[in-house]
Amino acid sequence: MKLFKRICEIWHIFTAKVNNSLDKMAQKLSLPKKALSVICVLLSVLLVAMLVLTISIGTMLSRINRIDGNEPTLSPEQLEELLNGTEDGEVTGPVVDVEDVTISTQATEIEFSDKVINILLVGQDRRPGQPRLHSDSMILCTINKETKTVTMTSFLRDLWVDIPGYYHERLNVPYVLKGFGLLNDTLEHNFGVRADYNVEVDFAGFQTVIDSIGGLDLELTYAEAGYLNRRGNWDFNDASAGTWNLVAGMNRLTGEQAFAYSRIRDLDSDLGRSNRQRYVLTRLMEEAEDMSATKLLSLLNASLPMFSTDMENDEILKLAAELIPLLSDLKVVSQRIPADGAFSVVNIDDNGIIKNVLLMNDDDLKENMKLLREAMGAK
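Thresholds, definitions, all that
Residues numbered from 1 in each chain as written. Predicted model: local features only at pLDDT ≥ 70, side-chain atom pairs only at ≥ 80, totals over all residues. Heavy atoms only, no water. Pairing = 2+ DSSP bridges. Helix = DSSP H or I, 4+ residues; strand = E, 2+ residues; numbered from the N terminus. Axes fitted to C-alpha atoms, helices over the stretch in contact; angles between N-to-C directions. Buried < 20%, exposed > 50% of the residue type's maximum accessible area, 1.4 Å probe, protein only. Contact = heavy atoms within 4.5 Å. Salt bridge = Lys/Arg side-chain N within 4 Å of Asp/Glu carboxyl O. Patch = residues over 30% accessible without salt bridge, like charges linked within 9 Å, V, L, I, M, F, W, Y side chains within 5 Å. Areas by Shrake-Rupley, 256 points an atom, 1.4 Å probe, with all protein chains shown as cover. Lys, Arg positive; Asp, Glu negative; His and termini not counted. Charge placed at Lys NZ, Arg CZ, Asp CG, Glu CD.

Considerations on the sheet that holds strand β2 (residues 95-97)
Then, in step 1: Overall, mixed pairing links the three strands, which are arranged β2-β13-β14 in an open sheet. The strands lining the two open edges of the sheet, one partner per strand, are β2 and β14 (353-359). Between one strand axis and the next, the sheet turns by 40 degrees as a mean value, whatever way the strands run.
Then, in step 2: As defined by bridge partners, β2 adjoins strand β13 (residues 344-350) across three bridges and the pair is classed as parallel. Bridge pairing links D97 to D349 in β13.

Here we look at helix α8 (residues 255-262)
Then, in step 1: Most of α8 is tucked away: eight of the eight residues are buried.
Then, in step 2: Among all positions of α8, only G255, E256, Q257, A258, F259, A260, Y261 and S262 are buried.
Then, in step 3: Contacts made by the buried residues of α8 are with α6 (206-212), β9 (216-220), α7 (222-231), β10 (249-253) and α9 (270-289).

Re the environment of G123
Then, in step 1: On the secondary structure map, G123 appears in strand β3 (residues 116-124).
Then, in step 2: The exposure class of G123 is buried, given its relative accessible area of 1%.
Then, in step 3: Between the alpha carbons of G123 and Q277 there is a distance of 9.7 Å; along the sequence they are 154 residues apart.

Re unusual backbone geometry
Then, in step 1: Cis peptide bonds are those with omega within 30 degrees of zero, and the linkage from I337 to P338 qualifies with 5 degrees.
Then, in step 2: Following the sequence through the fold, P338 ends up in the loop between β12 (331-337) and β13.
Then, in step 3: Positive phi, close to 55 degrees, is recorded for K148, a residue that is not glycine.
Then, in step 4: Along the polypeptide, K148 turns up in the loop between β4 (137-144) and β5 (149-155).
Then, in step 5: Using a relative accessible area of 32% as the deciding quantity, one classes K148 as partly exposed.

Some remarks on the environment of L327
Then, in step 1: Assignment of secondary structure puts L327 in the loop between α11 (313-323) and β12.
Then, in step 2: A residue is classified by how much of its surface remains accessible, and L327, at 47% relative accessible area, is partly exposed.
Then, in step 3: Here the alpha-carbon distance between L327 and M285, two residues 42 residues apart in the chain, equals 9.4 Å.

Quick look at the pattern of salt bridges
Then, in step 1: In total, this model carries 14 salt bridges according to the counting rule given.
Then, in step 2: Of the charged contacts in the structure, one is a salt bridge between E224 and R276, with a shortest N-O distance of 2.9 Å. Placement of E224 in helix α7 and of R276 in helix α9 is noted, with a sequence separation of 52 residues between them.
Then, in step 3: Given the relative accessible area of 8%, E224 is considered buried.
Then, in step 4: According to the relative accessible area criterion, R276 is buried, its value standing at 4%.

Section: a negative patch on the surface
Then, in step 1: A cluster of acidic side chains, namely D310, E312, D314 and E315, defines a negative patch on the protein surface.
Then, in step 2: Mapped onto the elements, D310 comes out in the loop between β11 (307-309) and α11.
Then, in step 3: Using a relative accessible area of 31% as the deciding quantity, one classes D310 as partly exposed.

As for the sheet that holds β11
Then, in step 1: Strand order across the open sheet formed by seven strands is β1-β11-β8-β3-β4-β5-β12, with mixed pairing between neighbours. Since the sheet does not close on itself, it has two edges, and those belong to β1 (65-66) and β12, each with one partner.
Then, in step 2: Looking at chain direction, strand β8 (residues 197-202) and β11 are connected through three bridges and run antiparallel. When the sheet's bridge partners are listed, E200 is paired in β11 with S308.
Then, in step 3: Its contacts with the sheet put helix α5 (residues 180-191) on β3, β4, β5, β8, β11 and β12, and the angle it makes with β3 is roughly 120 degrees.
Then, in step 4: Strands β1, β3, β4 and β8 of the sheet are contacted by α11, whose axis makes an angle of about 120 degrees with β3.

The values are spatial; any link to function lies outside them.
Following this line, the structure appears as structure tokens:
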């Protein structure tokens, strides 16, 4: 109400000044006062429209959650419990002591084109009320304004990396330690890349987003359809198990079904899960291209609360101004790090806890960095 009152006050002051100066302007320009009145009314309408649009955009952007990208959210006790819990699953194959594991240190900073924007999406499927947890999904969206290409690169959470200032651990650990800041430092240290902007995505929130557009068409394999029908949205909604009738081929999935699909890991591995998550994002982008302005606005309103970022409003608006003109022509490319054949699976004994991780040697790292360089238009 205070903002509305202030706008009214400004409007009255503005119109009073306009009326007082109309006669003087008419005399100087040799125009009828009526013609100047019409011009001023049109300008006033434009001014009010711009003011309302600015306020509306500000209100809309306020729906995005703001987080500090460099501070821990867990107590030391919670952190120790989270990091030192027992591993799930049966251990197969040889086990290597953590002290005997060597991590490649050949990464160099990638000097990418000034036409490239990097946005890091971090996904969590935490429950309501829980603090920041592991970064289960890390997708670097590289937008090349010159080639009009967006490359979605998934970094797998089980990659064994060197965390600057800490120790060797999985890639999903830096985020739970200190958020975006340490995760970006770790990516730069191990792969030579750093995000310009950081966004945390609540993948559980995709249920609301997808439902807001009436579902999402996704193609399922026979195994995926059967798995979802048996288990439903496990551990989020046990009652959904056995109630779905999905089939192999194209299905119109509800938000809950699409969320459960993006979490499937048992059928293959985290490699398959990262592929599914990128597929969901790609399909959502494709559907958004054909939406009416009204439906797109509805999608935007439903989407914003599921995002958290360290970006300010002016940074978001600047980014939007750069990207909106490109949206209709953007080509989407999907890849992951590590790529096939550029890693090995290792069981590491980390002080009595056996961890099944992905390890890269020097040659593996070179192959993976080649993908990143190409995506970023590196010289």
